Amino acid sequence: MLKDITLGQYFPGNSLAHKLDPRTKILLTVLYIVTLFCARSFVSYGIVALLLATGVKVSGVAPKALVRGLKPILFIICFTAALNLLYTPGEVLASFWIFKITKEGIFTAFFMVLRITMLIMGTFLLTYTTSPIALTDGLETLLGPLKKAKVPVHELAMIMSIALRFIPTLIEETDKIMSAQKARGADFESGSLMQRAKALVPILVPLFISAFRRADELAVAMECRCYHGDAGRTKLHVLRYQARDYLVLAAYGIVLAAVLTLAHFGL
């Protein structure tokens, strides 16, 4: 299960998605989420699905990686679908005990599962095709106007970047600790829920120690390199929009306008 968590991973490549400015990809991700939540029908969701398929094709990321990233949240998806299926009022098709399955509930559950699935897969494309450093630079630039309000934009962007960067590292560390505990006779898969929770305690202690040690090493490394925040910092690679960035944003703006129009007419 731990190996299925792909959040924060970056897959180097030379595709068009990799070449796009990180600010463009962040804006596209935000617009994609807006478009997804504005979709109301099969036609609208079909457009969003086609858009997602195009993004996956252009990025060169294997679809298996996106599907594998859905496994850790499969329970949440199924639980959300069950709630919408059983508790949405409308035309009753079947009932048992205190539960009722309605026609509206079926459509709502289907669209909700579709929305969550495409939301996760679409946002994963951002981290899959953007390095943590580029993502930090893009976030800092986009949030730059907030500096006038004394918001520590650079520090916030750095924190988010470091958090994304160390998610795969912590997952790998957890897998190593679990393998070591299993070799010593630990059992994490049998017993009641409470017994499984207690079995995780020997994992959490060394994991926390390892995380704090890595954080301390990172802090020392940053201090040795005279890191002191945003003041006076320069960039090796200055972000500049290219023609392809404007074309992609314009094309996506047209798609968003089309979905909003369909939603306005109930399609």
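Provided above is the structure to which this section pertains.
Scoring rules and cut-offs
Residues numbered from 1 in each chain as written. Predicted model: local features only at pLDDT ≥ 70, side-chain atom pairs only at ≥ 80, totals over all residues. Heavy atoms only, no water. Pairing = 2+ DSSP bridges. Helix = DSSP H or I, 4+ residues; strand = E, 2+ residues; numbered from the N terminus. Buried < 20%, exposed > 50% of the residue type's maximum accessible area, 1.4 Å probe, protein only. Contact = heavy atoms within 4.5 Å. Salt bridge = Lys/Arg side-chain N within 4 Å of Asp/Glu carboxyl O. Axes fitted to C-alpha atoms, helices over the stretch in contact; angles between N-to-C directions. Parallel < 35°, antiparallel > 145°, perpendicular 65-115°, else oblique. Nonpolar A, V, L, I, M, F, W, Y, C, P; charged D, E, K, R; others polar. Core = buried A, V, L, I, M, F, W, Y, C linked by side-chain atoms within 4.5 Å. Polar contact = N/O pair within 3.5 Å; in protein donor to acceptor, adjacent residues only side chain to side chain. Left-handed = near helix turned anticlockwise from the far one by under 90°. Expected span 1.5 Å × (residues − 1). Phe/Tyr/Trp six-rings, centres within 6.5 Å; stacked < 30°, edge-to-face > 60°.

(A) Geometry of the pairing of strand S2 (residues 99–102). In this sheet, S2 lies alongside strand S1 (residues 92–96) in antiparallel orientation, the contact comprising 4 bridges. When the bridges of S2 are listed, Phe 96 appears paired with Phe 99. Hairpin connection of S1 to S2: 2 residues between the antiparallel strands, including Trp 97 at a positive phi of 55 degrees.

(B) Spotlight on helix H7 (residues 132–142). Among all positions in H7, only Leu 135, Thr 136, Asp 137, Gly 138, Leu 139 and Glu 140 are buried. Tucked into the core, H7 has its buried residues touching helix H2 (22–38), helix H6 (103–129) and helix H8 (153–183).

(C) Broad picture of the pattern of salt bridges. For the structure shown, the criterion picks out 4 salt bridges. For Glu 172, the salt bridge is made with Lys 176, and the minimal N-O distance between the two is 3.7 Å. Here Lys 176 and Glu 172 lie together in helix H8, a separation of 4 residues that amounts to about one turn. Take Glu 172: its relative accessible area is 45%, and that puts it in the partly exposed class.

(D) View of the packing of H2 against helix H11 (residues 243–264). Between H2 and H11, the least distance of the axes is 10 Å, while the angle of their chain directions is 10 degrees. By the angle between their axes, H2 is roughly parallel relative to H11. Residue-level contacts link Thr 24, Leu 27, Leu 28, Leu 31, Tyr 32, Val 34, Thr 35 and Cys 38 of H2 to Asp 245, Val 248, Leu 249, Tyr 252, Leu 256, Val 259, Leu 260 and Ala 263 of H11. A class-by-class count of the residues in the contact of H2 with H11 yields 13 nonpolar, 2 polar and 1 charged.

(E) The nonpolar core, seen in detail. If you look at the biggest cluster of nonpolar residues, it comprises 23 residues, and the most contacted ones within it are Tyr 32, Leu 52, Leu 66 and Met 118. Broken down by secondary-structure element, the contributors of at least two residues to this core are H2, helix H3 (42–59), helix H4 (63–70) and H6. Among the elements that line this core, the one with the most residues is H6, at 8 residues. Discounting chain neighbours no more than four positions away, the residues touching Leu 66 are Val 56, Met 121, Phe 124, Leu 125 and Tyr 128. Core analysis: the next-biggest nonpolar cluster, separate from the first, contains 5 residues, Leu 126, Leu 135, Leu 139 and Ala 157 among them.

(F) Fine view of the side chain of His 18. In this structure, His 18 sits in helix H1 (residues 16–19). Of note is the side chain of His 18, whose polar atom sits 2.6 Å from the side chain of Ser 15. Sequence-distant contacts of His 18, defined by excluding residues within four places in its chain, comprise Tyr 10, Phe 11, Pro 12, Gly 13, Lys 25, Ser 59, Tyr 128 and Thr 129.

(G) Layout of the packing of H3 against H6. Between H3 and H6, the shortest axis-to-axis distance is 11 Å and the interhelical angle comes to 25 degrees. What the angle tells us is that H3 and H6 run roughly parallel. Considering the relative orientation of H3 and H6, their crossing is left-handed. Contact with H3, carried on its side by Phe 42, Tyr 45, Val 48, Ala 49, Leu 52, Gly 55, Val 56 and Ser 59, involves Phe 107, Phe 110, Phe 111, Leu 114, Arg 115, Met 118, Met 121, Gly 122, Leu 125 and Thr 129 of H6 and no other residues of that element.

(H) Examining the environment of Trp 97 more closely. Secondary-structure assignment places Trp 97 in the loop between S1 and S2. Exposure remark for Trp 97: the relative accessible area of 77% places this residue in the exposed category. Between the alpha carbons of Trp 97 and Phe 11 there is a distance of 49 Å; along the sequence they are 86 residues apart.

(I) Molecular detail of H2. For H2, spanning 17 residues, the distance from its first C-alpha to its last is 24 Å, which sits close to the expected 24 Å at 1.5 Å a residue. Within the span of H2, buried status applies to Pro 22, Arg 23, Thr 24, Lys 25, Ile 26, Leu 28, Thr 29, Tyr 32, Thr 35 and Leu 36. Taken together, the buried residues of H2 touch H1, H3, H6, H7 and H11. For H2, the side-chain oxygen to backbone nitrogen distance between the N-cap and Arg 23 is 2.8 Å, and the N-cap itself is Asp 21.

(J) Looking closely at the packing of aromatic side chains. Evaluated as defined, the whole model comprises 9 aromatic pairs. Here Tyr 45 and Phe 111 contribute two aromatic rings whose centre-to-centre distance is 4.9 Å and whose plane-to-plane angle is 10 degrees, an arrangement assigned as stacked. Linking Tyr 45 in helix H3 with Phe 111 in helix H6, this pair joins segments that are 66 residues apart in sequence. Judged by relative accessible area, which is 14%, Phe 111 ranks as buried.

Everything listed here is a matter of coordinates, which is why it stays silent on function.
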